[in-house]
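These are the residues of each chain, in order.
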Amino acid sequence: DTAVSQTPKYLVTQMGNDKSIKCEQNLGHDTMYWYKQDSKKFLKIMFSYNNKELIINETVPNRFSPKSPDKAHLNLHINSLELGDSAVYFCASSMTSGGYTQYFGPGTRLTVL
Amino acid sequence: AQTVTQSQPEMSVQEAETVTLSCTYDTSENNYYLFWYKQPPSRQMILVIRQEAYKQQNATENRFSVNFQKAAKSFSLKISDSQLGDTAMYFCAFVDNAGNNRKLIWGLGTSLAVNP
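Residues numbered from 1 in each chain as written. Chains lettered and ligands numbered in written order. Predicted model: local features only at pLDDT ≥ 70, side-chain atom pairs only at ≥ 80, totals over all residues. Heavy atoms only, no water.

## Considering the state of the cysteines
The following threshold applies: Cysteine sulfur pairs qualify as disulfides if the two atoms are within 2.5 Å. Only runs of H or I of at least four residues qualify as helices and only runs of E of at least two qualify as strands under DSSP, and these elements are numbered from the N terminus. Throughout this description, buried means an accessible area under 20% of the type-specific maximum (1.4 Å probe, protein chains only), exposed means over 50%, and partly exposed covers the range between.
Enumeration according to the criterion identifies two disulfides over all chains in this entry. Each sulfur in the disulfide pair C23 of chain A and C91 of chain A lies 1.8 Å from the other. Looking along the S-S bond of the C23 of chain A-C91 of chain A disulfide, the torsion reads about -75 degrees, which is the left-handed sense. Of the two residues, C23 of chain A sits in strand β3 (residues 19–25) while C91 of chain A sits in strand β9 (residues 87–94), which places them 68 residues apart along the sequence. What makes C23 of chain A buried here is its relative accessible area of 2%. One disulfide bridge connects C23 of chain B with C92 of chain B, the sulfur atoms lying 2.0 Å from each other. Residues C23 of chain B and C92 of chain B share a disulfide whose torsion about the S-S bond is about -70 degrees; that sign makes it left-handed. Taken together, the residues span a long stretch of sequence, with C23 of chain B in the loop between β3 (19–21) and β4 (24–26) and C92 of chain B in strand β10 (residues 88–96) at a distance of 69 residues. Across the pair, C92 of chain B and C23 of chain B agree in class, each one buried.

What follows is the structure, encoded as C-alpha cells:
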C-alpha cells in the first residue's frame, strides 16, 4: 500500500496557467509538508500543516497556496505559472510523537513551457 | 542559525568496497534528530537511517551505519559492501525538539556513484 501518494507524477503546462498537485498519506500522521527541489537537487521547504493548521510558511510567492481539507490530505495550488516554477515538488508527512521522521511521496515533476 | 554541511559534493566507490559520507551540523539545542536520506535516479526520497541525539549508540541498518560524534557535531554515514543500487544522492538532515514547526534542515547532498 502506498504510504504517501501524489498526483500527478508529471505535469507539463504553459506559462500563465493554474495547476494543482494533490497529496494524500495513509500513515495516520499529523503533519504534512510541501518541498520544492530545483535542478541542483536542493530541497526547500515551502509549507507545513499540523492537524490542518499552517505551521511553516516559508518565503514563497503568493501564487502558491496550500490547502489541507483534513489531516490526511495537503494539496498545492499554483496560479499564473512561471518558467521558474519548473521543479520537482515533494509532499511528505511525519508524526510528532515519531521523532519527526518524514516520509516522502514520489514527487511531481512540473515543467512550465 | 542551524545549518547542515555536506562537504563532499561527489564521491565514487568500487562495488563491494566501503565508503563514508561526511556531515556536520550546527545547533545550540541538546535534543534533536539526525537523518540520512537517499535519492536514487528514480527521484524517490528514501529514509536510510535515523539517530536520536540522546542515544550514544550509533544507529545501524544492515549495510548502513553512522558515526555520531555529538561533541564534534558530526554525523557520517558508512556504507559497507557497496552495491550498484546504492548509486544515489545522499542527503543529511537535522531537526530539533524545540519549538513546534518540525522543520528539517537539509544539507546540499552528496552524489555517490558505485562503479562495477
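## Brief notes about the environment of Q6 of chain B
Residues and elements named next belong to chain B. Definition in use: Working rule for contacts: check all heavy atoms of both residues, and any pair within 4.5 Å makes them a contact. Think of a polar contact as two N or O atoms within 3.5 Å of one another; within protein, one of them needs to be a possible hydrogen donor and the other a possible acceptor, and neighboring residues in sequence only count if both atoms come from side chains.
Tracing the chain through its elements places Q6 in the loop between β1 (3–5) and β2 (10–14). Ignoring any residue separated from it by four or fewer positions in sequence, one finds Q6 in contact with S22, W36, Y90, F91, C92, G107, L108, G109 and T110. At 2.9 Å, the side chain of Q6 and the backbone oxygen of Y90 are in polar contact.

## A few points about the interface of chain B and chain A
Applicable threshold: Accessible area that two parts lose when put together, evaluated with a 1.4 Å probe and summed over both, is termed the buried area. Any Lys or Arg side-chain nitrogen located within 4 Å of an Asp or Glu carboxyl oxygen qualifies as a salt bridge. Residue polarity follows a fixed list, in which Ala, Val, Leu, Ile, Met, Phe, Trp, Tyr, Cys and Pro are nonpolar, Asp, Glu, Lys and Arg are charged, and the others, Gly among them, are polar.
Of the residues lining the interface, 21 residues belong to chain B; the matching set on chain A comes to 29 residues. At the boundary of chain B with chain A, total buried surface from both sides reaches about 2,100 Å², with 55% on carbon and sulfur atoms. The largest contributions to the chain B side of the interface with chain A come from R43, R102 and W106 of chain B, which together make up 37% of the buried area. Put simply, chain B and chain A have one salt bridge between them. One salt bridge connects E58 of chain A with K103 of chain B, and the closest N-O pair in it is separated by 3.1 Å. Where the side of chain B that touches chain A is concerned, the elements lending two or more residues are β5 (32–39), β6 (46–52) and β10 of chain B. Tallied by class, the residues present in the side of chain B that touches chain A amount to 11 nonpolar, five polar and five charged.

## Structural notes on the pairing of β9 of chain A
Residues and elements named next belong to chain A. Just so we agree on the cut-off: In this analysis, strands are considered paired if DSSP registers two or more bridges between them.
Among the eight residues in β9, eight count as buried, and that is most of the element. The two faces of β9 match: A87, Y89, C91 and S93 on one face and V88, F90, A92 and S94 on the other face are all buried. In the sheet, strand β4 (residues 31–37) pairs with β9 via seven bridges, with the strands oriented antiparallel. Residue pairing in the sheet places M32 in a bridge with S93 of β9. In this sheet, strand β11 (residues 108–112) lies alongside β9 in antiparallel orientation, the contact comprising three bridges. By the bridge assignment for β11, V88 is matched with R109.

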